[in-house]
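# Geometric and topological summary
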Amino acid sequence: MSIQEFKPVKEGKVREVYDNGDSMIIVATDRISAFDVILKNKITQKGEVLTKMSEFWFDFTKDIVPNHMLSTKVSDMPEFFRNDKFDGNSMKCQKLDMLPVECIVRGYITGSGWESYQKDGTVCGIRLPEGLKESEQLPEAIYTPTTKADLGLHDEHITYEDTVEILEKLHPGKGEEYARTIKDCTLSLYKKCAEYARSKGIIIADTKFEFGLDEDGNVVLGDEMLTPDSSRFWPVEGYEPGKSQPSFDKQFVRDWLKANPGSDYLLPEEVVVKTVEKYKEAYELLTGEKFA
């Protein structure tokens, strides 16, 4: 009897999505992207780290909002996935009608937010106190959503009011409810996880979440969660506002690419090795488990 073959129904910069009838299989590949470009290198074991990290956070936050994770065991998936290619980097998930909003939360001022603040004292249209330093913790975390752009296009910053309008067009009569729910969930998730991470030696400077609707119209957390691909992780040790911070995430890759504009998005081997080491170190600090 031949094994049923599966082909991705959707491919993102990093993830591949397979239709499994009443569920879906999301595979985190070893691809890495920066500046909306997929790099020529693969980061060995990166997909496993991302999947294990998301699994940890989904379990940690299920008291705040339900999430789409069903299983990370390939034994719970069709036979096609029961091999080394998919073992460890695949997640069986609930099907959702994804909302076209990236829910970004910033607890510290850095990156494009710092650049914007230097120009006019605002981040994504939100005015912040005067005199903040680079990498300084904000008085309270801010919600700065963006559009969810297709592959190769840039996400665009939108206001909360824009979010209401976008969701109202898709779900008449429910736009404001959904917009408020995903904003509240984003801030609650960040608060709980940032406090926990800090106790483990990691500052979560910012991150993004994505949400969808289940068949009953309930908001459910989907996609990935608090991985080094979707977040800025800084070590607590040595943290000092007023400068950029060392990181456990792909900012390391972005910085190398900025310093080497002629690289054509090809990383040297030492950068590849260092990147996966940083990802694994973050996983081990946060979970207290050795990455197998």
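Use the structure listed above.
Quick caveat, the model's predicted, so the values are computed rather than measured. (Residues numbered from 1 in each chain as written. Predicted model: local features only at pLDDT ≥ 70, side-chain atom pairs only at ≥ 80, totals over all residues. Heavy atoms only, no water.)

Now for the sheet that holds strand 3 (residues 23-28). Ordered by their spatial adjacency, 5 strands build an open sheet running 1-2-3-7-6, and the pairing between neighbours is antiparallel. In this open sheet, the two edge strands, each paired with only one partner strand, are strand 1 (10-11) and strand 6 (69-71). The sheet contact formed by strand 6 and strand 7 (residues 90-94) spans 2 bridges and is antiparallel. When the sheet's bridge partners are listed, serine 71 is paired in strand 7 with lysine 92. This element, helix 1 (residues 46-60), spans strand 2 (15-19), strand 3, strand 6 and strand 7 of the sheet and lies at about 40° to strand 7. (Pairing = 2+ DSSP bridges. Helix = DSSP H or I, 4+ residues; strand = E, 2+ residues; numbered from the N terminus. Contact = heavy atoms within 4.5 Å. Axes fitted to C-alpha atoms, helices over the stretch in contact; angles between N-to-C directions.)

Next up on the list: the packing of helix 1 against helix 6 (residues 269-287). Two elements in contact, helix 1 and helix 6, have axes whose closest approach is 10 Å; the angle formed by their N-to-C orientations is 20°. Relative to helix 6, the element helix 1 lies roughly parallel. With respect to the hand of their crossing, helix 1 and helix 6 are arranged in left-handed fashion. Across the interface between the two elements, Lys46, Val49, Leu50, Lys52, Met53, Phe56 and Trp57 of helix 1 pack against Val276, Tyr279, Lys280, Ala282, Tyr283, Leu286 and Thr287 of helix 6. (Parallel < 35°, antiparallel > 145°, perpendicular 65-115°, else oblique. Left-handed = near helix turned anticlockwise from the far one by under 90°.)

Side-chain positions along a regular strand alternate between the two faces of the sheet. Counting buried positions along strand 3 gives 6 out of 6 residues, so the element sits mostly inside the fold. Alternating positions in strand 3 separate into two faces, Ser23, Ile25 and Val27 on one and Met24, Ile26 and Ala28 on the other, with burial throughout. Pairing geometry for strand 2 and strand 3, over 5 bridges, is antiparallel. Counterpart to aspartate 19 in the pairing with strand 3 is methionine 24. Connecting the antiparallel pair strand 2 and strand 3 is a turn made up of 3 residues, with glycine 21 showing a positive phi of about 75°. For strand 3 and strand 7, the ladder comprises 5 bridges, and the chain directions are antiparallel. Bridging across to strand 7, methionine 24 finds its partner in cysteine 93. (Buried < 20%, exposed > 50% of the residue type's maximum accessible area, 1.4 Å probe, protein only.)

Further remarks concern the environment of alanine 34. Within the fold, alanine 34 resides in strand 4 (residues 31-34). Residue alanine 34 is classed as buried on the basis of its relative accessible area, which comes to 2%. Distance in space between the C-alpha atoms of alanine 34 and arginine 198 is 26 Å, their sequence separation being 164 residues. Not counting residues up to four positions away in its chain, the partners in contact with alanine 34 are Leu39, Arg254, Leu257 and Tyr265.

Here we come to the nonpolar core. When a protein is soluble and globular, its nonpolar side chains tend to lie buried together. By size, the foremost hydrophobic cluster in this structure holds 62 residues, and its most contacted members are Trp57, Ile182, Phe209, Phe211 and Met225. Element by element, the count of residues in this core is highest for helix 4 (residues 175-199), at 10 residues. Contacts of phenylalanine 211, omitting those with residues within four sequence positions, involve Met98, Leu99, Cys103, Ile182, Cys185, Thr186, Leu189, Val219, Val220, Leu221 and Gly222. (Core = buried A, V, L, I, M, F, W, Y, C linked by side-chain atoms within 4.5 Å.)

So, on to the packing of aromatic side chains. Under the counting rule described, the total for this entry stands at 19 aromatic pairs. Look at phenylalanine 56 and tyrosine 196: their rings are 5.8 Å apart centre to centre, the planes differ by 40°, and that puts the pair in the tilted class. Separated by 140 residues along the polypeptide, phenylalanine 56 in helix 1 and tyrosine 196 in helix 4 bring together distant segments of the chain. The exposure class of tyrosine 196 is buried, given its relative accessible area of 18%. Ring centres 4.9 Å apart and planes at 70° place the aromatic pair phenylalanine 81 and phenylalanine 86 in the edge-to-face group. Overall, the relative accessible area of 0% leaves phenylalanine 81 in the buried class. Taking the relative accessible area as the measure of exposure, phenylalanine 86 reaches 2% and is therefore buried. In textbook terms, an aromatic cluster arises when at least three aromatic residues are bridged by ring pairs, as seen for Phe6, Tyr18, Phe80, Phe81 and Phe86. The ring of phenylalanine 60 carries the charged tip of lysine 192 above its face, separated from the ring centre by 4.6 Å. (Phe/Tyr/Trp six-rings, centres within 6.5 Å; stacked < 30°, edge-to-face > 60°. Lys NZ or Arg CZ within 6 Å of the ring centre and 35° of its normal.)

Most of strand 16 (residues 231-235) sits inside the fold, with 5 of its 5 residues counted as buried. Along strand 16, one buried face is formed by Ser231, Phe233 and Pro235 and the opposite face, lined by Arg232 and Trp234, is buried too. With 5 bridges connecting them, strand 14 (residues 202-213) and strand 16 associate as antiparallel partners. Note on strand 16: the bridge partner recorded for threonine 207 is serine 231.

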